[in-house]
Amino acid sequence: MSIPGDKPFQPTKSLGPVEPDFRILIVDDDPALRRTFPHVLAHPGRSFDETGSIAEAIVRLEQQHYDLVLLDYRLPDASGLALLDWLVERRRDEAVIIISGEDAIDAAIGALRRGADDYVRKPYHVAQLQRAVESTLHKGALEKANRAMSQRLRASEQLHRYLVESSPDLIFTLDAEGRFSYINPRIKPLLGFERNALMRRPFTTLVMPEDIDRICNLLNQPSRMPGESFNVELRLRRSRGSSIDDCVTVSLTGLPMLAQPGDSRSAGLYGVARDISERKRAEEIISFQAYHDQLTHLPNRVLFKDRLELAIAQAQRRTGALAVMFIDIDRFKLVNDTYGHAEGDALLRAIAARLSTTLRRGDTLARLGGDEFTILLPDINVPEDAETIATKILDALAAPITLSQGDYRATMSIGIALFPRDGTTAEDLTRHADIAMYQVKRSGKNAFRFFDPALNTHHHERITLENDLRNALLRGEFELHYQPQVSIARRQIVGMEALLRWRHPVLGSLSPNTFIQVAEELGMIGEISRWVMEEACTQLAQWRSAGHLELRMSVNLSPLDFDKRDIVSSITGCLARHALPPGQIELEITESLMMNDTADVATKVRELRSAGLSVAIDDFGTGYSALAYLQKFPVSTLKIDRSFVRDLDGPSTNPIISAITGIARGFALDIVAEGVEQPEQAEALQMLGCDVMQGYWFARPAPAHEAQEWLAQPARLFAGH
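Because the structure is predicted, anything quoted here is derived from the model rather than measured.

Trainee: How should I be thinking about the environment of Leu129 in this particular structure?
Mentor: Among the secondary structure elements, Leu129 is positioned in helix α5 (residues 126–166). The buried category is assigned to Leu129, whose relative accessible area is 1%. Along the backbone, Leu129 and Ala673 are 544 residues apart, and their C-alpha atoms lie at a distance of 138 Å. Those residues in contact with Leu129 that lie beyond four places of it in its chain are Phe37, Leu41, Ile99 and Tyr124.

Trainee: Quick question: what am I supposed to make of the confidence of the model for the protein chain here?
Mentor: Confidence in the prediction for the protein chain averages 85 pLDDT; 90% of positions are at 70 or higher. A low-confidence stretch, residues 1–18 (pLDDT under 50), is modelled with 15 contacts involving residues beyond four sequence positions or located in other chains.

Trainee: Can you help me understand a nonpolar patch on the surface in this one?
Mentor: Together, Leu159, Tyr162 and Leu163 make up an exposed nonpolar region whose accessible area comes to about 330 Å². Mapped onto the elements of the fold, Leu163 is located in helix α5. Classification of Leu163 as partly exposed rests on a relative accessible area of 47%.

Trainee: Help me understand helix α22 (residues 655–666), please; the structure alone is not making it clear to me.
Mentor: Note that an α-helix has 3.6 residues per turn; residues three or four places apart therefore point the same way. Taking 1.5 Å of rise per residue, the twelve residues of α22 would be expected to cover 16 Å, and the 16 Å separating its terminal C-alpha atoms lies within 8% of that figure. Within α22, the full set of buried residues consists of Ile657, Ile660, Thr661, Ile663 and Ala664. Mapping the buried residues of α22 onto a view down its axis gives an arc of 155°, with all of them on the same face. When the buried face of α22 is taken as reference, the exposed residues oriented beyond 90 degrees from it are Pro655, Arg665 and Gly666. One or two steps after α22, the chain reaches Ala668, where phi turns positive at roughly 55°.

Trainee: I tried to follow the pattern of salt bridges on my own but got confused; where do I start?
Mentor: Side chains carrying opposite charge are able to pair once their charged atoms draw close together. Tallying each qualifying case throughout the model produces 39 salt bridges. Across the pair Glu233 and Arg279 runs a salt bridge whose closest N-O atoms are separated by 3.2 Å. Placement of the pair is Glu233 in strand β8 (residues 230–240) and Arg279 in helix α9 (residues 277–291), with a sequence separation of 46 residues. Residue classification places Glu233 among the partly exposed positions, given a relative accessible area of 31%. The partner of Asp328 in a salt bridge is Lys441, and the shortest N-O contact between them spans 2.5 Å. Linking Asp328 in strand β11 (residues 322–329) with Lys441 in helix α14 (residues 426–442), this pair joins segments that are 113 residues apart in sequence. Residues Asp328 and Lys441 agree in their burial class; the two are buried. By sharing partners, the salt bridges in this structure join Asp175, Glu177, Arg179 and Arg200 into a single network.

Trainee: Can you walk me through the side chain of Thr51 in this structure?
Mentor: Among the secondary structure elements, Thr51 is positioned in strand β2 (residues 46–51). Look past the residues within four positions of Thr51 in its chain and what remains in contact with it is Leu25, Ile26, Val27, Asp28, Arg34, Glu56 and Ala57.

Trainee: Any chance you could explain the sheet that holds strand β13 (residues 372–378) here in plain terms?
Mentor: In any sheet, the strands associate via hydrogen bonds between backbone groups, in a parallel or an antiparallel arrangement. Spatially, the five strands line up as an open sheet ordered β12-β13-β11-β16-β17, and their pairing is mixed. The outermost strands of the open sheet, each flanked by one partner alone, are β12 (364–369) and β17 (447–450). Taken over all neighbouring pairs, the strand axes of this sheet differ in orientation by 20° on average, direction set aside. Pairing of β12 with β13 involves five bridges; the strand directions are antiparallel. Paired with Arg367 across the bridge in β13 is Phe373.

The rules behind these values
Residues numbered from 1 in each chain as written. Predicted model: local features only at pLDDT ≥ 70, side-chain atom pairs only at ≥ 80, totals over all residues. Heavy atoms only, no water. Helix = DSSP H or I, 4+ residues; strand = E, 2+ residues; numbered from the N terminus. Buried < 20%, exposed > 50% of the residue type's maximum accessible area, 1.4 Å probe, protein only. Contact = heavy atoms within 4.5 Å. pLDDT = per-residue confidence, 0-100. Patch = residues over 30% accessible without salt bridge, like charges linked within 9 Å, V, L, I, M, F, W, Y side chains within 5 Å. Areas by Shrake-Rupley, 256 points an atom, 1.4 Å probe, with all protein chains shown as cover. Salt bridge = Lys/Arg side-chain N within 4 Å of Asp/Glu carboxyl O. Expected span 1.5 Å × (residues − 1). Arc of directions from axis to C-beta. Pairing = 2+ DSSP bridges. Axes fitted to C-alpha atoms, helices over the stretch in contact; angles between N-to-C directions.

Written out as structure tokens, the structure is:
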């Protein structure tokens, strides 16, 4: 069939596997017409398939979706209406244009009723066909786009509804009167209310009374800007069955709904409330931890300083007075080292509880750390008020504290500073109370003392000494001097006592009396004792290598060394490292160690003796009550204290020495007399049965190289004697 306006078909160039915009199926039994349609309807993005029967068209449609079907009305195997029915039955959305030579109007009506989009009667003009195709494809594209948009809207609505309904936040809307118009299901698990029960009820129904005014002001004020939101923290009621006895803290973000553009009146509110109860609790915990001690829950240093500064400001305004106490637990380190930190913590909690019972309302007890506490006493009238409380504190600790390891009697050293007499700042008052406390420590502990300005200078000297002592080991400032122990009968050196000296860079050579107590208070005595033991063993090993195999080395131990669990293994390990016979080492302990006897100390002394070491009691007799302990402590030597030797000028002038020598013979113990400075003393001691002596009459303590010369020529010590 010839079609007017026929143009040659120009196939589009292949651009690869690009999906065409429109697929068109031509169903017509005229081959010439099927070939002509693609030419006259050619357009970028269109592709054409063709078939000559209804059956073939159905096969194509089952394999492929088409945007448009150009369908002849009459075909060899069936009418085009049959294909329309097939499309309807399968709910296909292909557009269909019927091309027919039928003149009857019923044919067109029947086709359109069965779903045809257009009806073109033969013969037709090409432009007519082109317009019909263009219009139908355009209509189909619009419908397709509309369906896609509707689908996206439905998906979006479903998504947003899902997000709102399953949100962990409480999401709601309010009407212009502030009543609920929507609430998501979160209301039930968050607050315990059924959402249907709250619909059309005011939002303030849920608000705690203290917060109602704030939220009402926000809901009622006109928005300054359209769409301007606000955020506020509120406490909402939580329903507990039949009663309402709890609340939840929420962060509420509200967005007013405006009545119309340009109108500042609110038509309602979009609201999102997030439960921040856990966050608030965490903030409270963090805040508490920042200002309180975690072990005792007492105020810490920061909070104590803040309260003290406030109390000072108030006292200055009223011309009043206040007191600051600095408290340190005596010998607390002993508990930690002996029983472990868990027992130490239990002791701190028990002491904190007892201290709290002694204070007045308005006083502040704080823990600074370790075993240090401070107390603020505001509004005191006279110093005696602070003295009364200090006495109550000491009395409160008089009863033993029960720990898992047994009862423990805690004592305290308390320093007191008064405002304004002893300082006008928090720093000065705390520091001066600390200085007074240290003076109590040095004076015997378990007491209290007020600050005295004269203590300040001594305290600065003490702090300087402490700082220098901490670095003395690292800087190698310690050294050992040696004093010989001689046998008068054999006229030879039988032992050397190792004596510690500190070569202070400014103060020169310092004896142990100057710094050992400080080292004990600082907890450094263990390190120093280990260094002394190591150095003495090293020197003895050198002298033994030089042939002095019978020489004995005496080493002094601090009573605090016996608080260490590993004291025995530490000493025996040192001997093993230097290959020394245990019998050539003598450990000197004080009589006071026996006087403060514990079963643990006696056990350690027995272990040292069992390991082969000698144990001497230094300054024996000064306690006047050590005799009962000689059976419990298996010592090997008694050292007669220099205080008994000092005035000795004949064998009958000191009955105490006679008694000591008699005790030594009775217990089969060796005797060493120290502090021998005169020949009469040496003669008297020898007549009393004491053969081994040491003192200035023979030699002063000297460095190892001088002691080496004595060992090489021992006769020098007896020249002229």
